[in-house]
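This is what each chain is made of:
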Amino acid sequence: MTRDSRYDVLFEPVRIGPVTAPNRFYQVPHASGMTNALPRVRAAFRETKAEGGWGVVCTGACSIDPSSDDTPLPFATLWDLNDIRAHAMMTEAVHRHGSLAGVELWHGGAAVMNRASRLPPLSPSGIPWMATHVGFMGNLRPRIMDRSDIRDVLRWQAEGARKARSAGFDIVYVYAGMGYLGYEFLLPEYNHRTDEYGGSIENRIRFVREMLDVTRDAVGGDCAVALRVSLEELRARPGTHQQSEAHELIALLSDNADLFDVKMDSSPTDCSASRFTGEGSHEPVIDFVKRMTDKPVVGVGRFTSPDTMVSQIRRGVLDLIGGARPSIADPFLPNKIKEGRVDEIRECIGCNICISSWHDGVPVRCTQNPTAGEEWRRGWHPERVEPAQKREKILIVGGGPSGLEYALTAARQGHDVTIADAGTGWGGRLTFEKTLPGLAAWNRVVDYRLGRLADLAHVSMYLESPLGIDDIIEIAPDHLVLATGAEWTRMLYSPLEIPVGQLDHPEIYTPDDIAAGRLPQGPVLVFDFDNYYYGGALAEHLAARGLSVSYVTPAGQASAWTIMTNELPLVHRALLRRRIPVTTLHLLIGFDGETATLAQVFTGEEISVHCRAILIVGLRRPRSALREVLDVRQADLKAAGIASVTTIGDALAPGAIAHAVHSGHKAARELGRDGRELYRRDTAITDCEPGFERAYAAE
Ligand code: ADP
Ligand code: SF4
């Protein structure tokens with residue numbers, strides 16, 4: 001296939017100081033949950049992006065000194081020779097594909113709690129960052145940096161830059177964003193200093209300028225020096241000589257950096273979920289940067305459309321198309337555009353499960369790309385599967401995310417695939433969930449798989465086909481896969497935090513009822529102890545249909561788990577905008593058709609709420625009826641030649657869509673393999689190779 005010539009501009013090289021990016025696709029630094037304890041996992045994860053055409057591939061935040069640690073969140077380090085060697089694995093891997101490797105050197109300042117070192121965090125003026133996220137909260141307040149502390153950080157940055165050069169990086173960052181140390185100097189709320197580092201914008205940027213200058217001296221013209229800076233707050237502040245302080249910062253630092261990597265100030269605005277924010281949402285904040293500097297500018301915006309990317313370049317917003325999530329969902333996005341295969345892009349759905357991985361402290365997981373993080377430990381490639389040794393006939397019952405992913409993977413292996421679903425459309429749970437407020441982009445999970453399945457031979461797809469045991473025996477596949485999903489129950493929740501008992505009344509609904517179009521009448525109370533998006537999204541959905549809705553949860557916040565995906569504040573905002581009252585820390589204990597009885601989780605004190613219907617968004621159970629019949633009739637299955645029955649996705653264990661896709665992919669890869677495939681265990685590098693040690697010692 002040939003590329004659309006409109007996209008040629010995306011494949012132009014871009015000079016960044018002393019180095020040249022081979023194209024405009026720039027994987028900006030992003031958290032991967034892969035610390036130096038997982039150097040091979042990390043190298044393979046980043047290498048896959050270089051192989052897929054990203055011209056620049058960066059690390060995540062990389063601490064320059066033990067005086068800054070983000071424990072227990074996963075962060076990388078560049079403290080010693082072992083760390084250099086660990087990072088060198090990644091740079092060598094990226095260079096194998098002709099891409100540049102960048103490193104985001106980082107000092108967390110007062111935004112980290114130094115739980116490992118127990119050193120008081122450093123900060124310009126001792127102002128703490130008071131996180132409300134349980135995982136981020138701490139109770140060790142920062143100390144004020146004196147001049148010798150500033151000199152120390154500058155020295156650590158210079159040493160970090162030298163180590164980065166030794167590790168083979170081409171682009172070395174100074175990080176002044178997202179609440180971390182450099183950023184704290186920029187904002188007067190954090191920076192109350194009265195010396196030359198505080199006061200005017202010229203003074204507040206001094207520390208960042210010095211960080212850039214020591215970095216440049218350290219790398220000695222071998223590496224480009226990049227500034228990553230958050231501009232949201234500064235853009236909102238009028239400048240003295242320019243329109244805003246953000247304008248002034250770029251103008252004042254233009255000669256000190258080779259590249260500007262510009263972003264928002266907090267994770268929820270920088271990396272916002274598609275449920276509440278569209279593609280290209282940073283533009284109103286960063287659109288001015290290119291006018292203030294002749295240095296290349298990179299920014300992000302969950303770009304997956306080549307037309308949007310070209311528009312960003314042509315309109316003079318960006319020089320380099322930054323990608324974090326789009327590069328996780330599809331490491332081969334650039335090559336697919338280059339080769340005229342735009343339809344094959346596995347577009348990021350903006351669900352932020354990847355971000356939740358970092359909050360969970362584990363390697364990155366992705367809803368769209370089940371191979372993310374599995375490149376080394378399971379040997380999975382996002383675009384290639386091992387061809388089947390023998391083409392076999394596979395029947396998949398259920399066409400939701402897990403069934404479709406299994407079908408696609410098995411068809412790529414060369415199997416003869418039949419997939420059937422009882423419903424009128426493909427996508428299982430997503431056929432309804434995509435219609436909920438803000439969730440339309442999630443259907444890319446289905447669109448991508450249907451698009452790819454359409455291109456493959458030996459695939460038969462049947463809708464409106466509920467299959468029972470006799471149908472299965474008649475079809476007589478070699479292998480049977482059950483992807484039949486899960487059902488919501490009417491279970492309640494106990495003060496011991498376990499689903500218990502059941503509430504029965506004709507006006508008790510589950511999400512399955514709503515999905516089937518059975519809508520309650522009159523005021524409805526949504527009782528949510530699932531805690532992810534569904535309860536909040538359904539409350540919004542019912543309110544949008546004109547129903548009076550109230551929301552109750554035993555958790556401390558609405559959709560409490562969405563703190564992990566950066567959505568929680570926006571969920572609350574959305575519920576408030578729809579005038580849905582939120583009652584937290586209460587259990588539902590009774591309902592008589594007119595009144596719901598709630599009990600406070602700690603005291604048991606009861607309150608009554610008037611409502612005519614209740615929607616319980618609580619516990620799901622695998623849809624197991626078919627499986628149970630199959631278990632009874634194993635002899636018939638054997639007689640029909642069905643060699644294996646595998647259960648995947650929600651039918652195996654209900655969970656987020658990411659888990660269902662991963663489950664389908666894993667089961668297909670493991671078909672025909674003896675025994676269970678465990679993943680390979682990575683180990684930290686603790687013993688440097690002498691050759692490398694010399695290279696560093698020669699600095
Ligand atoms: P997952 O997330 O694991 O893919 P879903 O609930 O999204 O699960 O999808 C399960 C799909 O399986 C639904 O579309 C449902 O209609 C379908 N299904 C369940 N039982 C049968 C059956 N016996 N025959 C055909 N389709 C079925
Ligand atoms: Fe995109 Fe979701 Fe994958 Fe993150 S997890 S890269 S938001 S599809």
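See above for the structure.
What counts, and at which threshold
- Residues numbered from 1 in each chain as written.
- Chains lettered and ligands numbered in written order.
- Predicted model: local features only at pLDDT ≥ 70, side-chain atom pairs only at ≥ 80, totals over all residues.
- Heavy atoms only, no water.
- Axes fitted to C-alpha atoms, helices over the stretch in contact; angles between N-to-C directions.
- Helix = DSSP H or I, 4+ residues; strand = E, 2+ residues; numbered from the N terminus.
- Parallel < 35°, antiparallel > 145°, perpendicular 65-115°, else oblique.
- Left-handed = near helix turned anticlockwise from the far one by under 90°.
- Contact = heavy atoms within 4.5 Å.
- Nonpolar A, V, L, I, M, F, W, Y, C, P; charged D, E, K, R; others polar.
- Core = buried A, V, L, I, M, F, W, Y, C linked by side-chain atoms within 4.5 Å.
- Buried < 20%, exposed > 50% of the residue type's maximum accessible area, 1.4 Å probe, protein only.
- Near = heavy atom within 4 Å.
- Phe/Tyr/Trp six-rings, centres within 6.5 Å; stacked < 30°, edge-to-face > 60°.
- Lys NZ or Arg CZ within 6 Å of the ring centre and 35° of its normal.

Our focus in this paragraph is the packing of helix α16 (residues 401-413) against helix α25 (residues 657-670). The contact between α16 and α25 brings their axes to 7 Å, and the two run at 30°. In terms of their interaxial angle, α16 and α25 are classed as roughly parallel. For α16 against α25, the interelement crossing comes out right-handed. Counting all contacts with α16, which are made through Pro401, Ser402, Glu405, Tyr406, Thr409, Ala410 and Gln413, the residues of α25 involved are Ile657, Ala660, Val661, Gly664, His665, Ala667, Ala668 and Arg669. Grouping the amino acids of the contact of α16 with α25 by side-chain chemistry returns eight nonpolar, five polar and two charged.

In terms of nonpolar packing, the biggest core is built from 82 residues, with Leu10, Leu227, Leu231 and Leu249 touching the most fellow members. In this structure, Leu430, Phe432, Leu436 and Ala539 belong to the second largest nonpolar core, which totals 56 residues.

In the vicinity of ligand 2, 14 residues are found, and the nearest of them are Cys348, Cys351, Asn352, Cys354 and Cys366. Residue assignment for the shell around ligand 2 shows that the elements contributing at least two residues are α13 (325-329) and α15 (353-360). The biggest single contributor to the shell around ligand 2 is α13, with three residues. Residues belonging to the shell around ligand 2 are distributed by class as follows: eight nonpolar, four polar and two charged.

Another point: the packing of aromatic side chains. Counted under the stated rule, the structure contains 15 aromatic pairs. Consider the rings of Phe11 and Phe25, whose centres lie 5.4 Å apart with planes at 45°: the pair is tilted. Separated by 14 residues along the polypeptide, Phe11 in the segment before β1 (14-16) and Phe25 in strand β3 (residues 25-27) bring together distant segments of the chain. Note on Phe11: relative accessible area 14%, which makes it buried. Its relative accessible area of 1% is what places Phe25 among the buried residues. Here a set of aromatic residues connected by ring pairs shows up, and it is made of Trp442, Trp488, Tyr532, Tyr533, Tyr534 and Trp561. Between the NZ or CZ atom of Arg377 and the centre of the ring of Tyr679, over which it lies, the distance is 3.9 Å. Between the NZ or CZ atom of Arg680 and the centre of the ring of Trp376, over which it lies, the distance is 4.0 Å.

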